Every structure is written in C-alpha cells, then in structure tokens.
Amino acid sequence: RKEVEQDPGPFNVPEGATVAFNCTYSNSASQSFFWYRQDCRKEPKLLMSVYSSGNEDGRFTAQLNRASQYISLLIRDSKLSDSATYLCVKILLNYNQGGKLIFGQGTELSVKP
Amino acid sequence: DTGVSQDPRHKITKRGQNVTFRCDPISEHNRLYWYRQTLGQGPEFLTYFQNEAQLEKSRLLSDRFSAERPKGSFSTLEIQRTEQGDSAMYLCASSPPGVWGAEQFFGPGTRLTVL
C-alpha cells in the first residue's frame, strides 16, 4: 500500500462548482501534511498546509482527520485557473529539522467554462 | 530570479551513457533535496543534503546514482550507465534553516529522456 493515496481523477467541473479531493495516508508517526499544486509540465508549488483544526485560504479549505488518517481539500467557486494537478503530501520530519516529502499520485482537476 | 534553478532543463541521451544534472538552491537555503517524477505519478524522494552532508538516501537511489554538494551550495546528480527506466523529471528543492519542516521550494526540473 502506498503511504499517500489519492484518486487520480480527472475531475471535470464547470466554473463556479465546488469540488472536493480526498487523500488517505498510512504510517502516521510524527508528520505534517500539505497540499501542493502542479501545473502541466511545471514544478510543484505549495498551496497550503493542513491542520487538524482545519484551515481556510480564500476559496480553499483543507482538513486533516488523524483518527481516520484522511485529508481533504475543498475548492469553492472553481475558476478556470484552478485547473491543475493537486498533490497530497506528508512530510516525514527528522532530527535535524529537515524532512522528506511523500507525495500522493495527484488528482487532476479540469475546470471548464 | 532568486528561485531554485536547474540545468539543463532537458536532456536526451542514449542508453548506457552518463548524465549529470546541476541544481542551484535559493541563496542561504542550507537544505537541498532531489526528487524524481515519472508521468502520472507524484514526485518520489531520492536524497537530501544539509549543507554539504548527505543525510538520507532513498533505496530508489541505486549504485548508478550519485549526488554531491561539495561546498554546501549547488548540488549535482549523476546517473551512470543510464537505462530507459531512468527517463523522468528530476526535481530539486531547497528549504531554509531554522524552521522545523520548512517549506520546500522546487526548481523547474530536468527532464531526462533515455533512448
């Protein structure tokens, strides 16, 4: 089983729609979580961190459920510019404050006019 | 541009040849990471440096792969005797000191095609 699992999609939604992505993870020891966005043939870029209390950044809401080992990302009022691949990521922290990122497969979103 | 830079951006090589990629991290970032991404998959961790010390290597990093960061600034990733399975995007990332689990900033990647 992969450490981070996502539905690869694609999710095809009309502009203005609300879309939700889910992600499950295993090996829950001592880690933090993120959503990254990756445009076609570009590098991944941090979208937002994910906290147990839930966090919101404009139209984006992320939630972490440690008991169920489940992470979600909600995008409200989708824009054409939201079309991208969304990567669910956990970081395995080590003693020297660094950490390797463990990525899910990514979920492809296509927002249509 | 003060972001992470990688060179070359694209590399086409024949099977069996050696290739070397370079990564220049953001200035003053002491941590540098290499990842590999194949089509339709998320990036996979390869190795990690803190300053010039290589602190972790993935089992994905076979003995044909070697990475260095001799002066704690830029890093190189060399692949010897390339195989078609090495075809992928090789991504470099860096992060600053002093923050636990700091954000990793990615470079544009080097796309390798092995014929």
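Everything below is about the structure shown above.
Residues numbered from 1 in each chain as written. Chains lettered and ligands numbered in written order. Predicted model: local features only at pLDDT ≥ 70, side-chain atom pairs only at ≥ 80, totals over all residues. Heavy atoms only, no water.

## As for the sheet that holds strand β8 (residues 70-75) of chain A
Residue and element names in this part refer to chain A. Taken together, 5 strands build an open sheet; the order of strands is β1-β3-β8-β7-β6 and the sheet is antiparallel. The outermost strands of the open sheet, each flanked by one partner alone, are β1 (4-6) and β6 (55-57). Pairwise comparison of adjacent strand axes, ignoring direction, gives a mean angle of 20° for this sheet. Pairing between β6 and strand β7 (residues 60-65): 3 bridges, direction antiparallel. Following the sheet pairing, E56 is matched in β7 by T61. (Pairing = 2+ DSSP bridges. Helix = DSSP H or I, 4+ residues; strand = E, 2+ residues; numbered from the N terminus. Axes fitted to C-alpha atoms, helices over the stretch in contact; angles between N-to-C directions.)

## Looking at the interface of chain A and chain B
In this complex, chain A contributes 22 residues to the contact, which on the side of chain B involves 24 residues. Taken over both partners, the interface formed by chain A and chain B buries close to 2000 Å², and the fraction arising from carbon and sulfur atoms is 51%. Across the chain A-chain B interface, the total number found is 1 salt bridge. For the side of chain A that touches chain B, the elements supplying multiple residues, two or more each, are β4 (31-38), β5 (44-50), β9 (84-93) and β10 (99-103) of chain A. Of all the elements, β10(A) adds the most residues to the side of chain A that touches chain B, at 4 residues. Class assignment of the residues belonging to the side of chain A that touches chain B gives a composition of 10 nonpolar, 8 polar and 4 charged. (Contact = heavy atoms within 4.5 Å. Buried area = accessible area lost by both parts, 1.4 Å probe. Salt bridge = Lys/Arg side-chain N within 4 Å of Asp/Glu carboxyl O. Nonpolar A, V, L, I, M, F, W, Y, C, P; charged D, E, K, R; others polar.)

## Focus on the pattern of salt bridges
Under the defined criterion, the tally for this structure stands at 9 salt bridges over all chains. The residue E56(A) makes a salt bridge to R76(A) at a minimum N-O spacing of 3.5 Å. Of this pair, E56(A) sits in strand β6 while R76(A) is found in the loop between β8 and β9, placing the two residues 20 residues apart along the sequence. For R76(A), a relative accessible area of 26% gives the class partly exposed. Two residues, R64(B) and D86(B), come together in a salt bridge whose shortest N-O distance is 2.9 Å. Taken together, the positions of R64(B) in the loop between β6 (53-57) and β7 (65-68) and D86(B) in the loop between β8 (75-79) and β9 (88-95) put the pair 22 residues apart, joining distant regions of the chain. Via salt bridges that share partners, R64(B), E83(B) and D86(B) belong to a single interconnected network. (Buried < 20%, exposed > 50% of the residue type's maximum accessible area, 1.4 Å probe, protein only.)

Coordinates in, geometry out; function isn't part of it.
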